[in-house]
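These are the residues of each chain, in order.
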Amino acid sequence: MIFRTSVFDSIGKCRAILNEETEVVFASLSASPFPLITACPGIHTKATSIFRCRKLKGDDFQRRMNKEVDFYRGWEDYVNGFGNPRGNFWLGIEERYQKAKNGNTELEINMITKDDVRLVAKYSNFQAGAGCDNYRLFVTGYSGNATDCFTYHNNQQFSTKDADHDLYHLNCASEYEGAWWYDKCYKSNLNGNFTEPYLKGIVWGATDRLLLRYSEMKLRRR
């Protein structure tokens, strides 16, 4: 289905007409698209773009697109999941563990910065450990046009504001208002505070921190 409208209107229309396993595909005059985003036929102006909804092959497990859902939550919420799969949500780390526990799973992260730069980071091997090991992260095999800011978190346990499993002397989740596989503390923080302008925000990068206005993480079977 094709829409001529604003970016955020189209995201909502696509997900409403199809379901949570859809994504928006669009053409833009002013910015380079994601590698996964294909050009849509038709004419568009500076104020509008052409959008197309299509089915995805894979399972989304995280999405940030606005400030409507608070991601600064405790352990139980991150284990069980929260939000709306049609918008901002976290699948639930236990369910993700069940989906990826046997390996052969790829991770793809799509991002848009505050400056409208579109980035993708792919990992050919992704696995989360069991709950008894605090869902330890195993990730390798980076490719993409984004700087690799997730491999740094490899072999780290998941932490929240009420469950400190990082390697820092303070609780990284509390310090940076998120929940993640923190080390000392992060090079990526995709569950940070959507409205924070810098360190506590949705960040990709360490020294060259990129603030994001959109992030989406999805798994695919190889």
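Use the structure listed above.
Analysis parameters
- Residues numbered from 1 in each chain as written.
- Predicted model: local features only at pLDDT ≥ 70, side-chain atom pairs only at ≥ 80, totals over all residues.
- Heavy atoms only, no water.
- Helix = DSSP H or I, 4+ residues; strand = E, 2+ residues; numbered from the N terminus.
- Buried < 20%, exposed > 50% of the residue type's maximum accessible area, 1.4 Å probe, protein only.
- Contact = heavy atoms within 4.5 Å.
- Phe/Tyr/Trp six-rings, centres within 6.5 Å; stacked < 30°, edge-to-face > 60°.
- Core = buried A, V, L, I, M, F, W, Y, C linked by side-chain atoms within 4.5 Å.
- Disulfide = S-S within 2.5 Å.

Undergrad: Quick question: what am I supposed to make of the environment of Ser124 here?
TA: If you trace the backbone, Ser124 turns up in strand E8 (residues 118–128). For Ser124, a relative accessible area of 28% gives the class partly exposed. Spatially, the C-alpha atoms of Ser124 and Asn104 are 8.3 Å apart, while their sequence positions differ by 20 residues. Excluding residues that lie within four positions of it along the chain, Ser124 makes contacts with Thr105, Glu106, Thr140, Gly141 and Arg222.

Undergrad: Can you walk me through the packing of aromatic side chains in this structure?
TA: Geometrically, a pair of aromatic rings is defined through the distance of the ring centres and the angle of the planes. Inspection of every chain in the model, using the stated rule, returns 17 aromatic pairs. When the ring of Phe61 is compared with that of Trp90, the centres are 6.0 Å apart and the planes differ by 90°; the resulting orientation is edge-to-face. Taken together, the positions of Phe61 in strand E4 (residues 59–64) and Trp90 in strand E6 (residues 89–90) put the pair 29 residues apart, joining distant regions of the chain. By the burial criterion, Phe61 is buried, and Trp90 matches it.

Undergrad: I would appreciate a short explanation of the nonpolar core in the present structure.
TA: The nonpolar side chains of a soluble globular protein tend to be buried with one another. Grouped together as the largest cluster of nonpolar side chains are 45 residues, with contacts concentrated most on Ile109, Phe150 and Trp204. Beyond its immediate chain neighbours, meaning those up to four positions away, Phe150 contacts Leu107, Ile109, Tyr123, Phe126, Leu137, Val139, Trp180, Trp181, Ser188, Trp204 and Met217.

Undergrad: Any chance you could explain the state of the cysteines here in plain terms?
TA: Note on terminology: a disulfide is the covalent bond linking the sulfur atoms of two cysteines. Tallied over the full model, the rule gives one disulfide. Put simply, Cys172 and Cys185 are joined by a disulfide, and their sulfur atoms are 1.9 Å apart. Linking Cys172 and Cys185, the disulfide has an S-S dihedral of approximately -80° and is accordingly described as left-handed. Within this pair, whereas Cys172 is found in helix H4 (residues 172–175), its partner Cys185 is found in the loop between H4 and strand E10 (188–189), the two being separated by 13 residues in sequence. Overall, Cys172 belongs to the buried group, its relative accessible area being 0%.

Undergrad: What am I meant to see in unusual backbone geometry here?
TA: With the exception of glycine, the majority of residues adopt a negative phi angle, and the majority of peptide bonds are in the trans configuration. Residue Cys185 follows Lys184 across a cis peptide bond; omega there is 10°. If you check the backbone angles, Asn155 has positive phi at about 75° while not being a glycine. Turning to its location among the elements, Asn155 is positioned in the loop between strand E9 (137–144) and H4. For Asn155, a relative accessible area of 38% translates into the label partly exposed. In this structure, Glu177 takes a positive phi of about 50° despite not being glycine.

All quantities given are derived from atomic positions and should not be read as evidence of function.
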